[in-house]
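Chain by chain, the residues run as shown.
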Amino acid sequence: MTTDPKDFLSNRELMLSALFWVKPREAAELVKFEVTKARQKVFTARRKNSRLVVLKGRQMKITTGLQYDDLLTCLMYPNHRHGFAAQDDVMTVEMFQNYRNAYTWMEKRWQLSDGTIVEMPTAIEDSKHHMLFDNGSGIHAGTAGSKGFGRGITLNSFHGADLGYWDEAQAKIFLAGIEGSMSVDASMVIEGTPSGEGTIFHRYYRNARRRHNNWQPLFLHWWLESEYSYPVEVDKETLTTVESELINKYDLTLGQIAWRRLKYANLAAGIIDEGEINPARAEYPENDVDCWIFSGETIFRQPELKELLDEAEEPYRNGEWDVWEDPDPNGYYIISGDSAEGLHTGDFSAATIWECSWGMRQVARLHGKYNTRTFAQLMAQFGRYYQSQGHDAIIAVERNTYGLHVLDILMSEMGYTELYWYYDFKNPSLSGRPGWPTTTVTKPRMINDLGEMIASGEFETKDSRLLEELMSFRQLDGTKTGAPKGSHDDLAITTMIANQVRYTHPRMREEIQTPEEALMRPRHKLGMMV
């Protein structure tokens, strides 16, 4: 094989395609390694980020692609030590065979156009969990339960496969050990398919998406895999609204839509309610939020939330607040808050701002680990900002536990007067205290009323974090409701509180407009009238 040295040695993707062979499932002959669209996105992302977490669909050939890429690194760079791990020893041994196959089948000697002969290093050791080469490089395999993996060697790169299926306790210890064995400039990639909320993979990806860790998230839509298409196209006249949106937004072909229809129909065979979750969301994800939700016991209707999620937008930053829409001169605003203790290892404090002249429209969000004083100050700061724009923004804080301290600071130290005082029109004797009480009596009403609001079409938000919480909010053990283990519901709670303030605050009951009245007034977004 002869090739131009300048183009060849500087182009990893070209080298992978030229040197390596693979054997597809149920195929008799080897074929050239292909750098697919999905693999190209992964290769590009890993070159730019030292920590990469990849969320993918089924059988997109990402694991194999990364293994071939890592093998090439070991062969091209002396003394490079690479680590690989899967969920158990059986899967590790099976996947480790990919490295052996790649080395066995590859072109080990070739000639460049200038006459230079290039030879790949020779494998000098090949055991169950190790491959060592005569250039000092090597590949070391382990499992999520390997206590001694990585000890005694310094790894220059690491690949964790199908992280969603690793044992939770073992994965925490194992990954912490891997971090300790990595060189300063080492790279790590963890990847997998959606495996349910609260798993360690879900937390890694979600926190990366929210910039709560130093990992870079990468989501791969199923249609990046070229095999996910049928030669028989669907009739354009039969396209659903969702299918048309996929074609317009992502340039899908009618053959891909035909493939999608069959897969979604097959996987939805056991669904009896239109609001139930289709397992195809996890097998072949179309976004990186609802693909994690497996349980059929979610409380809020998924179709309406999914539609809102498709229209979600990134906010702009104003201090600690994330903002979608600036104050409307004709708007009526509620700032609802759910306070936590503020410890680094504790829960988040959250506040959301809603324009409520008709229905509910979220305009801003506050989310972070603030102590009660800082949280009160941030809410009062934005409340006074709205007051300066001609509004009497009502602050409604959940008064359970830490919320009592927030309310005390708002009233006694900050002198904020536009606070929500609980009104119970059915039981007046329970009224007359500041803040909203979330109790076993009020919570079912909060959930039910928000569910009706979402279904009514009068609920508007472009906040993907809030929508993620609402989509996963579910029935837990017994009579409990909330977020599954490893997830949060603080933004969802603030939304329920804001909706209750609409119903129970006397002024809001008077000021809520009809749809016709609300449509007559202009809206302001990002400081511009629209």
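Everything that follows concerns the structure shown earlier in this document.
Residues numbered from 1 in each chain as written. Predicted model: local features only at pLDDT ≥ 70, side-chain atom pairs only at ≥ 80, totals over all residues. Heavy atoms only, no water.

Before we move on, can you summarise the overall build of the protein with the specific residues and values?
Broken down by element type, the protein carries 18 helices and 24 strands. The buried share among the 530 residues of the protein stands at 52%. Contacts in the protein between residues far apart in sequence, at least 24 positions, make up 69% of those at least 6 positions apart. As presented, the protein carries roughly 24,300 Å² of accessible surface, and 50% of it is formed by carbon and sulfur atoms. (Helix = DSSP H or I, 4+ residues; strand = E, 2+ residues; numbered from the N terminus. Buried < 20%, exposed > 50% of the residue type's maximum accessible area, 1.4 Å probe, protein only. Contact = heavy atoms within 4.5 Å. Areas by Shrake-Rupley, 256 points an atom, 1.4 Å probe, with all protein chains shown as cover.)

Any chance you could break down the pairing of strand β5 (residues 81-86) for me, citing the residues and the numbers?
Counted residue by residue, β5 has 5 buried out of 6 residues, so it is predominantly covered. Of the pairings in the sheet, the one linking β5 to strand β11 (residues 155-160) comprises 4 bridges and is parallel in character. Across the sheet, residue His 82 finds its bridge partner in β11, namely Ser 157. (Pairing = 2+ DSSP bridges.)

Could you give an account of unusual backbone geometry, with specific residues and numbers?
Positive phi outside glycine occurs at Lys 61, with the angle close to 65°. Here Lys 61 is to be found in the loop between β4 (51-55) and α4 (62-76). By relative accessible area, Lys 61 is classed as partly exposed at 29%. Non-glycine residue Asn 79 carries a positive phi angle of around 60°. Structurally, the position occupied by Asn 79 is in the loop between α4 and β5. Among the residues examined, Asn 79 registers a relative accessible area of 54% and is labelled exposed.

I'd like a rundown of the sheet that holds β11, residues and numbers included.
Two orientations exist for strands paired in a sheet by backbone hydrogen bonds: parallel and antiparallel. What the 8 strands build is an open sheet, ordered β8-β9-β10-β5-β11-β12-β4-β13; its pairing is mixed. At either margin of the open sheet sits one strand with a lone partner, and together these are β8 (123-126) and β13 (216-219). For this sheet the average axis-to-axis angle between neighbouring strands, irrespective of direction, equals 15°. Sheet topology note: the β4/β13 ladder contains 4 bridges and is parallel. Its bridge partner being in β13, Leu 52 is matched across the sheet by Gln 216. (Axes fitted to C-alpha atoms, helices over the stretch in contact; angles between N-to-C directions.)

I'd like a rundown of the side chain of Arg 474, residues and numbers included.
Locating Arg 474 in the fold gives a position in strand β21 (residues 474-475). Here Ser 472 takes part through its backbone oxygen, which lies 2.9 Å from a polar atom of the side chain of Arg 474. (Polar contact = N/O pair within 3.5 Å; in protein donor to acceptor, adjacent residues only side chain to side chain.)

Residues and numbers for helix α6 (residues 168-181), please.
Spanning 14 residues, α6 covers 20 Å between terminal C-alpha atoms, matching the ideal 20 Å at 1.5 Å per step. Every buried residue belonging to α6 is among Ala 171, Phe 174, Leu 175, Ile 178 and Ser 181, and all of these are buried. Down the axis of α6, the buried side of the element spans an arc of 120°, and every buried residue falls inside it. For α6, the exposed residues lying more than 90 degrees away from the buried face are Ile 173, Ala 176 and Gly 180. Its buried side turned inward, α6 meets β5, β10 (138-143), β11, β12 (182-192) and α7 (200-209). (Expected span 1.5 Å × (residues − 1). Arc of directions from axis to C-beta.)

Go over the environment of Asp 338 with me, naming the residues and quoting the values.
Among the secondary structure elements, Asp 338 is positioned in strand β16 (residues 333-338). Asp 338 sits 62 residues away from Asn 400 along the chain, and the two C-alpha atoms are 8.8 Å apart.

Geometric descriptors of this kind do not, in isolation, establish any biological role.
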